[in-house]
Structure formats: C-alpha cells, structure tokens
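# Structural features, examined
Letter by letter, the chains look like this.
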Amino acid sequence: MTVTVTYNPAVDQTIQFDERMAPDRVMRADEAQFDAGGKGINAAQLLTAMDRPCVATGLLGGFTGSFIRETLQDDGVETAFVDVDGTTRLNTTAIAAAEEYKLNQAGPAVDESVVDSLLEQVRAQSPDRVLVGGSLPPGLTPDAIDRIATGGDWETIVDTGGDVLRELDAQYGLCKPNRAELGDATGADVSTVEGCADAADVFRDRGFDRVLASLGADGAVLVGDAGRLYAEALDIDVVDTVGAGDALLSGVLSAWEAGADDETALRTGVAVSAQVVQRAGTAVPDLDDIDSLRDGVTVRRL
Ligand SMILES: Nc1ncnc2c1ncn2[C@@H]1O[C@H](COP(=O)(O)OP(=O)(O)OP(=O)(O)O)[C@@H](O)[C@H]1O
Ligand SMILES: O=P(O)(O)OC[C@@]1(O)O[C@H](CO)[C@@H](O)[C@@H]1O
C-alpha cells in the first residue's frame, strides 16, 4: 500500500484563452476549471484510479483545503490529512494560444511541528511505500522529507524540485527529476538522453536506488541496478503538461506493484502521462486504453 505525502497541496486553476497573453488589458478566458492538485495528491488520484491501494496525506487548510478534501472524497481517494491554520494555495496554469504559463504560489507558512503530526498519520497506515511529492511550504526544510524517509520501515520515493533534491540526506528508493532538475542538481550536460542517464547515475551515488528522469516531449529514462532504459514519448496532441511527471511516476509505480519489470513499468508510465497531457488540468483522465497505449511505447537499453 502506498501513502502519498503532499506538504504543499494546491487547487489547480486551469484557464484557456484563444489569443496570446498581452499586458495592460483584460484577458477573458474561454474555458476554466479547478482540480485538486499537488504532486502527491495527483499521484494518489491516479493510483486509486488504477486500483492500487493508496492513502493521500499532507497539509490542508482554508476554503481551498476543503475543496481538495471534497474532490478526493468524490474521487474515492482515501485520505488522512493534517489541518493547518493557513489557506492551501491556488496555482494557475494559463494556456494562451498554445503557450503554457504556470503560476505557482508559495503556500501558507507552517511550523515544523506539522512534520510530527504528518509522520503519525503515515505510520498509522503501515505503508509499504511512501511517495513525498512537490515543493515545501515556507517554514519547512528538506529535513521534513528526510524525516519521512527515516520514520518507518517503508520505501520512500521523492518527487520534488532540484534544489531540495540536492539537500536530501536519507536513503531513497527512487527520485523523479525532470530534465531541468536533473541538470540543476548535478551540473551535468543533460542535452542528450545519454547525458541524462549519466546525470541519473550521479543521483544514484547520492543515495537514490533508482532514478526516473522525465524528459518532456523526449520521453523518460529509468536507471537502476537492472540497467539504463530510455522510452520515447508518444506522439500526441498536448493540451497542457501540468501533472505529466506525476502521471509518469504513478504509471511506473502502479506497474511495479502489479509485478511488472522495469521495461513494462516505464512503458506504462509513458502511456499514463500521454493521457494526462492530452487533457486540461490535473483531473484524472480516462485510463481504459492504457494497455494498448503502453504497447505502442518504444523502449531501448542505453
Ligand atoms: N509534449 C509531450 N508529448 C508527449 N508526451 C509528453 C510531452 N510532455 C510530457 N510528456 C510525457 O509526460 C512525461 C513527464 O513530462 P515532464 O518531463 O514534462 O514532467 P514534469 O516536468 O515532471 O511535469 P510536472 O512537474 O508538471 O508534473 C514525459 O516523460 C512524457 O512521457
Ligand atoms: O509547486 P510544486 O509543489 O513544485 O508543484 C505544484 C504543482 O504545480 O505540481 C502539480 C503538477 O505536477 C500541480 O498539481 C501543482 O499545482
């Protein structure tokens, strides 16, 4: 069973415009939607939709926190959140004439004592695996993630920004940097797929057993004891890429949980991410076609 930890959840607002962004005038949206978001929450929704046992935990507060709670309940996602005084943030993605603008708030400041409360919630679930996803709100340091990783007998997976990744100190089962984070955190040349795999090895030397690096439209690389695999992305019409990395990771974790090997897991991750980027926002897409999409993903050994 997986527990996801989202220290800094968000309501994701996605607004779409036919025309390009321009300053000093009112832009009127053609479409708008709100979704429950934050990397761990997105993963919990997808894992639940793929019938993998999962509990979403994290910090929630205010009217945005209530919206996330209600949305997860409607989606049948099990939850065990800790209440905080501040108001959970609202992040905006503006899609304007096919350009994507991502506007993320910092989130409400919290006190370090929330880590103890969260750890208690995680322990109460007795998970096999804990996925810590997303940024840290003001008031927390990377130690908040290390404390989850060392807080019990579970494998910890981490999907957070390069600056935080660089500072983690504990042993982790997996990290999921994107290309920019891979480059920022290692200083390596990540312009080629081989360069990305080399950078992933730098992460492995720092205490991550496996590295799943997402390369946007170029696909993804999975590096571990079983070798280095590269999957091409599927050729699809992209609406927005918010949540693409969470989808890749959820697909890989779901397949591993079903007993799949690394190659099948990587194919599944790419297939799930393809479904997510073809829809606006971070709501769970239709996952019925995943098996046939997965068969169309090309994987090669590096
Ligand atoms: N333009 C695209 N075309 C096809 N697939 C894509 C495209 N962009 C992303 N993907 C798929 O989504 C996966 C994750 O993408 P990306 O590297 O952009 O994640 P990310 O930066 O972690 O995203 P986020 O932080 O918003 O979740 C890729 O490995 C790929 O399979
Ligand atoms: O600011 P963070 O925590 O790095 O990222 C938060 C976020 O952009 O990531 C998710 C997509 O991956 C969204 O649901 C959410 O708004």
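In this text, all values refer to a predicted model and were calculated from it rather than measured experimentally. (Residues numbered from 1 in each chain as written. Chains lettered and ligands numbered in written order. Predicted model: local features only at pLDDT ≥ 70, side-chain atom pairs only at ≥ 80, totals over all residues. Heavy atoms only, no water.)

Our focus in this paragraph is the overall build of the chain. Within the chain, the regular secondary structure consists of 10 helices and 14 strands. In terms of C-alpha radius of gyration, the chain reaches 18 Å, essentially the compact-globule figure of 19 Å for 302 residues. Across the 302 residues in the chain, those meeting the buried criterion constitute 55%. Taking contacts inside the chain between residues at least 6 apart in sequence as the whole, the part at least 24 apart equals 67%. Accessible surface computed for the chain: about 12,900 Å², of which carbon and sulfur atoms make up 42%. (Helix = DSSP H or I, 4+ residues; strand = E, 2+ residues; numbered from the N terminus. Rg over C-alpha atoms; globule rule 2.2 N^0.38 Å. Buried < 20%, exposed > 50% of the residue type's maximum accessible area, 1.4 Å probe, protein only. Contact = heavy atoms within 4.5 Å. Areas by Shrake-Rupley, 256 points an atom, 1.4 Å probe, with all protein chains shown as cover.)

What follows covers the packing of helix H8 (residues 244-257) against helix H9 (residues 262-277). Running from N to C, H8 and H9 cross one another at 145°; their axes reach a closest spacing of 7 Å. When the axes of H8 and H9 are compared, the crossing they make is right-handed. Contacts between H8 and H9 involve Ala 244, Ala 247, Leu 248, Gly 251, Val 252, Ala 255 and Trp 256 from the former and Asp 262, Ala 265, Leu 266, Thr 268, Gly 269, Val 270, Val 272, Ser 273, Val 276 and Val 277 from the latter. Of the residues assigned to the contact of H8 with H9, the class counts are 12 nonpolar, four polar and one charged. (Axes fitted to C-alpha atoms, helices over the stretch in contact; angles between N-to-C directions. Left-handed = near helix turned anticlockwise from the far one by under 90°. Nonpolar A, V, L, I, M, F, W, Y, C, P; charged D, E, K, R; others polar.)

For the rest of this paragraph, the subject is the pairing of strand E12 (residues 220-224). When a strand is regular, its side chains alternate between the sheet's two faces. Most of E12 sits out of view: five of its five residues are buried. For strand E11 (residues 208-214) and E12, the ladder comprises four bridges, and the chain directions are antiparallel. Of the residues in E12, the one forming a bridge with Ala 213 is Val 221. Linking E11 back to E12 in an antiparallel pair, the connection comprises five residues, with Gly 216 at a positive phi of about 55°. As paired elements, E12 and strand E13 (residues 227-231) share five bridges and run antiparallel to each other. The residue of E13 that forms the bridge with Gly 224 is Gly 227. Between the antiparallel neighbours E12 and E13 lie two residues. (Pairing = 2+ DSSP bridges.)

On to the UniProt feature "domain: Carbohydrate kinase PfkB" (unreviewed entry) in the chain. Per the UniProt record, "domain: Carbohydrate kinase PfkB" (unreviewed entry) is found at residues 6-285. Overall, residues 6-285 shows 36% helix and 26% strand. The separation of its end C-alpha atoms is 21 Å. (UniProt positions renumbered as here; feature names shortened; annotations may be inferred.)

Surveying the vicinity of ligand 1 reveals 23 residues, the closest of which are Ser 214, Gly 216, Gly 219, Gly 245 and Ser 273. Between an oxygen atom of ligand 1 and a side-chain N or O atom of Lys 176, the distance comes to 3.0 Å. In this structure, Gly 219 approaches ligand 1 through a main-chain N or O atom, which is 2.8 Å from an oxygen atom. Surface burial for ligand 1 is 87%, taken as the share of its 630 Å² of free accessible area covered by protein chains. Those elements giving two or more residues to the shell around ligand 1 turn out to be H8 and H9. Of all the elements, H8 adds the most residues to the shell around ligand 1, at four residues. For the shell around ligand 1, the per-class residue count stands at 11 nonpolar, eight polar and four charged. (Near = heavy atom within 4 Å. Polar contact = N/O pair within 3.5 Å; in protein donor to acceptor, adjacent residues only side chain to side chain.)

The final tally for this structure, using the stated rule, is zero disulfides. Cysteine Cys 54 is unpaired, with the sulfur of Cys 175 as its nearest cysteine sulfur at 20 Å. Unpaired in this structure, Cys 175 has its nearest cysteine sulfur neighbour in Cys 196, at a distance of 13 Å. (Disulfide = S-S within 2.5 Å.)

Let's shift gears to the sheet that holds strand E6 (residues 89-96). The four strands are arranged E3-E2-E6-E7 in an open sheet whose pairing can be described as mixed. In this open sheet, the two strands that pair with only one neighbour each are strand E3 (31-37) and strand E7 (99-103). Between one strand axis and the next, the sheet turns by 15° as a mean value, whatever way the strands run. Pairing geometry for strand E2 (residues 10-17) and E6, over eight bridges, is parallel. The residue bridging Thr 14 from the neighbouring strand is Thr 93, located in E6. In the packing of helix H2 (residues 62-74) onto the sheet, contacts are made with E2, E3 and E6, and the angle to E3 comes to roughly 80°.

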